[in-house]
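# Coordinate analysis (summary)
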Amino acid sequence: MSAPGVLSFTQQGWEQVLAKVKWALVYLDAACAESLHWGCGSTRLLEAVGDPACHLREFEPAAVGGGAEQPKAVFVLSCLLKGRTVETLRDIICRSHFQYCVVVTAVNHAVHLTANHVPAAAAAELEGQPVFEQLEEKLCEWMGNMNYTAEVLHVPFLLAPVAPHLALTPAFASLFPLLPQDVHLLNSARPDKRRLGSLSEVDATALPPELLLHIRCLVSGLSSLCEHLGVREECFAVGSLSRIIAADLANYGPAKNRRKTATGRASVVFVDRTLDLTGAVGHHGDNLVEKIISVLPQLPGHTNDVMVNMVELTALQNEEKNQSMVAPGCLAQSNDPAARALWEALLSTKHKEAVMEVRRHLVEAASRENLPIKMSMGRVTPGQLMSYIQLFKNNVKALVNHCGLLQLGLATVQTLKHPQTAKWDNFLAFERLLLQSIGESTMSVVLNQLLPMIKPLDQRTNDDYSPEELLILLIYIYSVSGEFTVDKNLGEAEEKVKKALAQVFCEESELSPLLQKITGCDSSIKLTFHKSKIAADELFASLRDIAGARNLMKQFKSVYVPGNHTHQASYRPLLKQVVEEIFNPERPDPVDIEHMSSGLTDLLKTGFSMFMKVSRPHPSDHPLLILFVVGGVTVSEAKMIKDLVPSLQPGTQKWNSKMLEPAN
């Protein structure tokens, strides 16, 4: 049996659900569907259901209920069983003919007690699971007969395991670190005498109850992960929101007994994404998967998978009208070992090697099926890969045997041929130019270099930057620069860029979802220059906050390395700095990596260490490191850390837990 990991944690949870779904109508919310998608695949769930009259359905208010031939339902939900979720449950059940309902929630009963304002002391004395038991009675009431069967249980669906070293937390895709401007919002709900001065003063008591509860749901899932891994965790944090999450996990009451019996040890290090957004928006990552996720359309309802056009493997013409007739392919291949091996290779290699790896897998698969393959050496081209893929088209057996591989192959071809991929190098060249300019010029000069690139729709060519791409460049500039001098020249330069951007927003024929969110308008017709300028002003206030995000750091104050007569200026990722500090052979006390104490013993240790030689907990103390980036990590960053850790500390296990999709 393999060692416990992120995949076994997820699969173990789904096994509990599969045991309940026989002959049932199954409703899933988006986050649980994504966990299933990466963990074991919908095919496993359908096989477990085993009834053609039953289906998988999205959990939503408008979801179709169950007919007379569908007496059993299983609801698999990532959220608290409270408020609108319970109302949706009631509405679906009341318009159905269910006689047996199972509700599975990813949030444990202890957090439900917190959500219902039950004090911790009272919760400790309760017997059973009263919140779940009360809901079971309600389910029977909604089904119309108290003698019908209802079950409510907790299964920790926290992760969508992308690879052994990388997992997503789709239910927390919206959780993002605070910026300085958020302090003003928090202060609006506080009396004058208790106003916060900066992000460094923000603690759990300052956060809105809804956000605190969301964090507690995350902590509940992480505690379950640690239980599965058999470890007692030490919690560390880099950044203000990370500090609050780490402290909540360190002091999480239901974990006390679990920690007493744990035989293993782990360090969990939380890092705020806002401390380095350069890595999230930059194009320096030489990784094929990052490009695939960046250019191909998003798979509906998912945060980290894409739609692969499969029409090329059918008799249909590859025209836009036919693409919606064939179900799209995707990147997740949880039930295909060969495709999963290729996927993990793509995550761990550079672009050129990844493309060659795709060719190798296609050639080997075609050879195994005795397909008439023509070998060609040298540079791999999209046309060459497509010729190999086409060999499978008229051989149903070969197509079924290698369906996962063909989806990854087509994703590669479509990405290589995509116009945005050609633009990737343009981005990279301009970002490198910006790095040199930032070291040699003031911020106002850098912004003036960007100004001629801001062009309205009727003046743009395919090589020019769209409004969304300009925003990416602005985030790159402000995040990599960090602190800078604010003067009259900067104010004037920012004002010129704001006006140019506002004009561009107004002249768009159609507003993208991002521009709709930024401007607050769902149609370009409704967008006036005044509204657009207000949006641009707010955008630059956020950019100033991004530039100042590292102001509270002492050690990790910069991600910019100035150039000299031997080296060009460069970007030094914050995550790389954090990992290098964790595995620094001299083991100095971390300055910006804060340890979160988990009770009196830890506090005494910290106190005594001021007067006598008592070693403080250090993130490199334990054989397992879990790095949790609050706000998301890119594929390139995950690869960088995966490669970096063994070189710094041979023998250390390492996983990255990620909250949002790659942000390029």
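Residues numbered from 1 in each chain as written. Predicted model: local features only at pLDDT ≥ 70, side-chain atom pairs only at ≥ 80, totals over all residues. Heavy atoms only, no water.

### So, the overall build of the chain
- Regarding its fold elements, the chain presents 28 helices and 14 strands.
- A globule of 664 residues ought to have a C-alpha radius of gyration of about 26 Å, and the chain, at 26 Å, matches this closely.
- Considering only C-alpha atoms, the chain reaches an extent of 75 × 75 × 55 Å along its principal axes.
- In the chain, which comprises 664 residues, the share counted as buried stands at 53%.
- Considering only contacts within the chain whose residues lie at least 6 apart along the sequence, 76% involve residues at least 24 apart. (Helix = DSSP H or I, 4+ residues; strand = E, 2+ residues; numbered from the N terminus. Rg over C-alpha atoms; globule rule 2.2 N^0.38 Å. Buried < 20%, exposed > 50% of the residue type's maximum accessible area, 1.4 Å probe, protein only. Contact = heavy atoms within 4.5 Å.)

### Observations regarding the pairing of strand β8 (residues 231–238)
- Most of β8 sits out of view: 7 of its 8 residues are buried.
- With 8 bridges connecting them, β8 and strand β9 (residues 264–272) associate as parallel partners. Following the sheet pairing, E234 is matched in β9 by S267.
- By the bridge criterion, 3 bridges tie β8 to strand β12 (residues 594–596) in an arrangement that is antiparallel. Residue pairing for β12: C235 is matched across the bridge by M596. (Pairing = 2+ DSSP bridges.)

### A closer look at the packing of helix α13 (residues 288–295) against helix α20 (residues 419–440)
- Put simply, α13 and α20 touch, their axes get as near as 10 Å, and they point 120° apart. Comparing their axes, α20 and α13 come out oblique. Seen from above, α13 lies across α20 with right-handed handedness. Judged by residue contacts, E290, K291, S294 and V295 of α13 engage Q420, T421 and W424 from α20.
- Of the residues assigned to the contact of α13 with α20, the class counts are 2 nonpolar, 3 polar and 2 charged. (Axes fitted to C-alpha atoms, helices over the stretch in contact; angles between N-to-C directions. Parallel < 35°, antiparallel > 145°, perpendicular 65-115°, else oblique. Left-handed = near helix turned anticlockwise from the far one by under 90°. Nonpolar A, V, L, I, M, F, W, Y, C, P; charged D, E, K, R; others polar.)

### Structural notes on the environment of H418
- Note on placement: H418 falls in the loop between α19 (403–417) and α20.
- Judged by its relative accessible area of 24%, H418 is partly exposed.
- Sequence separation between H418 and A73 is 345 residues, and the spatial gap between their C-alpha atoms is 43 Å.

### Concerning unusual backbone geometry
- Phi at W23 is positive, roughly 60°, even though this residue is not glycine.
- Positionally, W23 belongs in the loop between α1 (6–18) and β1 (25–28).
- In this structure W23 comes out as exposed when scored by relative accessible area, which is 51%.
- Look at R587: it is not a glycine, yet its phi comes out positive at around 50°.
- According to the relative accessible area criterion, R587 is partly exposed, its value standing at 38%.

### Here we look at the nonpolar core
- Formed by 114 residues in total, the largest nonpolar core has its most connected members in L331, L474, Y478 and L501.
- No other element matches helix α22 (residues 467–481), which puts 9 residues into this core.
- Once you skip the residues sitting within four places of it in the chain, Y478 turns out to touch M443, L447, F484, E494, F540, L543, R544, I546 and A547.
- F9, V183, V202 and Y252 belong to the second-largest nonpolar core, a separate cluster that totals 46 residues. (Core = buried A, V, L, I, M, F, W, Y, C linked by side-chain atoms within 4.5 Å.)

### A few points about helix α4 (residues 84–94)
- Residues of α4 that are buried include every one of T85, T88, L89, I92 and I93, and no others. For α4, the buried positions fall inside an angular range of 125° around the axis, keeping them on one side.
- Residues of α4 that are buried in the fold lie against β1, β3 (72–77), β4 (100–105) and α7 (130–143). (Arc of directions from axis to C-beta.)

### A look at the domain arrangement of the chain
- Split into domains, the chain comes out as domain 1 (6–157), domain 2 (174–276 + 573–663), domain 3 (297–417) and domain 4 (421–548).
- Computed over C-alpha atoms only, the centres of domain 1 and domain 2 are separated by 31 Å.
- Taken together, the contact between domain 1 and domain 2 spans 13 residues of the former and 11 residues of the latter.
- Summed over both partners, the interface of domain 1 with domain 2 buries about 1,000 Å², with 71% contributed by carbon and sulfur atoms. (Domains from an automatic or database assignment. Buried area = accessible area lost by both parts, 1.4 Å probe.)

### Some points on the environment of H109
- Note that H109 resides in helix α5 (residues 109–115).
- The class of H109 is buried, set by a relative accessible area of 8%.
- Each C-alpha atom, one on H109 and one on L81, is 9.9 Å from the other, the two residues being 28 residues apart in sequence.
- Not counting the four nearest positions on each side in its chain, H109 is found in contact with G128, Q129, P130, V131 and F132.

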